[in-house]
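Overview (structure and organization)
Here's the letter readout for the chains.
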Amino acid sequence: MTTVETVLGPTEIGTLGRTLMHEHIFSFHSDMGGDYPWADEALYMEAAVEKLRRLKEFGFDTIVDVTAIGLGRNVRRVASVARAAEFNVIAATGIYASCCLPLYFSRHLPAFGPSFIEDFFVREIEDGIGETGIHAGVIKCMTDREGLTPDVKTMLTATARAHLRTGAPITTHTDPFNESGLMQQDLFRREGVDLSSVIIGHCGDSTDLDYLERLLEAGSYIGMDRFGDYHVTSLERRIQTVATLCDRGYASRMVLSHDTNCGGDVDPERSLQEWLFGHIPQVVIPALREAGVSGADIDAMTIEAPREIFRASAQARATTGVRSVAVPQVAD
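Below you will find a few notes about this structure. These figures come from a predicted structure and were not determined experimentally.

On to the overall build of the protein. Across its full length, the protein holds 12 helices and 11 strands. Against the compact-globule benchmark of 20 Å for 332 residues, the protein has a radius of gyration of 19 Å, which places it among compact chains. Dimensions along the principal axes, computed over C-alpha positions, put the protein at roughly 60 × 45 × 40 Å. Across the 332 residues that make up the protein, the buried fraction comes to 55%. Within the protein, contacts between residues separated by at least 24 positions form 76% of all contacts whose residues are at least 6 apart in sequence. About 13700 Å² of surface is accessible on the protein, with carbon and sulfur atoms providing 48% of the total.

And the structure:
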């Protein structure tokens, strides 16, 4: 059987079970943690293990942790949680930046050339993240309200080219209200990416069926995520959008998630009482059933679509002939 890399090593794709495709174990949005520790780390680690164990009790077995560089990624910490919880966690390479590249990357580009970021992503997929031995299983990128700035375009181009070299699926952050998912698809298409390898994220914030169907008809999966965060779009409207798209035959092209975390410098438990792991199995899936979504369609969104994404990736990896490279080091 084909396999996908998790933080604990390769796992057979057929054993992933129910999967949440856009989550975080821990996420940080600043450097504050260095001088202002966020909490007793042991307590947060214990809480994270308990949350994943509860999620497993609800019938989910796998999380794709899309914590990229720029969100405090620490795959050793994530691996410790996954091991204790006996839970599948797939890590991401990529950069979380809505306007300008982090200084590390912008400083390296002039010295090492335009393929530096692409090579960095390939190394994290093929050789592992740092010296951890943990391999990224997806590539994360983002386009937000700023649109395709020069640095964001550079980042997306590197994402596309790293995908073509490794077969790793692409998962994205978007602002659906400027239709940035279409911007991403256009760039990826021009780079030669098969759009069925791309999950356009945060589509659950949108109720614009025309926009969502354009993304789907172009071939991508769409992430109906942020269930539990109802500042932008209510639970009822999100449920109705998913139910309508299922009724139109798109269940196999959608994936569900919360986009929440187990801890970080923005703690969802303190700001949004429903933005927690477990909200989808406890609240969202029953609401979808009540809205007329069949059990087969729920399985398509939570089991079959994730499995197909990683199956296609494994098949692509078998034919890419990857050329990995070392990440160059320069003095600051």
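We are not done yet, so read on.
What follows covers helix 11 (residues 279-290). Residue pairs three or four apart in sequence face the same way in an α-helix, which turns once every 3.6 residues. Along its 12 residues, helix 11 runs 16 Å from first to last C-alpha, staying within 8% of the 16 Å computed at 1.5 Å per residue. Of the surrounding secondary structure, the elements contacted by the buried residues of helix 11 are strand 3 (18-23), helix 2 (41-57), strand 4 (60-65), helix 9 (235-247), strand 11 (254-256) and helix 12 (295-320). Positive backbone phi, approximately 100°, marks Gly292, located one or two places after helix 11.

One finds Ile25, Phe188, Met224, Phe227 and Met301 to be the most contacted residues of the largest nonpolar core, which totals 83 residues. Not counting the four nearest positions on each side in its chain, Met224 is found in contact with Cys203, Gly204, Leu212, Thr241, Val242, Leu245, Met254, Val255, Leu256 and Ser257.

Attention now goes to the sheet that holds strand 3. The sheet built from three strands is open, its strands ordered 3-4-5 with parallel pairing. The outermost strands of the open sheet, each flanked by one partner alone, are strand 3 and strand 5 (88-90). Between one strand and the next, the sheet's axes are offset by a mean angle of 20°, whatever the strand orientation. Taken strand by strand, helix 2 contacts strand 3, strand 4 and strand 5, and its axis lies near 130° from that of strand 4.

Thresholds, definitions, all that
Residues numbered from 1 in each chain as written. Predicted model: local features only at pLDDT ≥ 70, side-chain atom pairs only at ≥ 80, totals over all residues. Heavy atoms only, no water. Helix = DSSP H or I, 4+ residues; strand = E, 2+ residues; numbered from the N terminus. Rg over C-alpha atoms; globule rule 2.2 N^0.38 Å. Buried < 20%, exposed > 50% of the residue type's maximum accessible area, 1.4 Å probe, protein only. Contact = heavy atoms within 4.5 Å. Areas by Shrake-Rupley, 256 points an atom, 1.4 Å probe, with all protein chains shown as cover. Expected span 1.5 Å × (residues − 1). Core = buried A, V, L, I, M, F, W, Y, C linked by side-chain atoms within 4.5 Å. Pairing = 2+ DSSP bridges. Axes fitted to C-alpha atoms, helices over the stretch in contact; angles between N-to-C directions.

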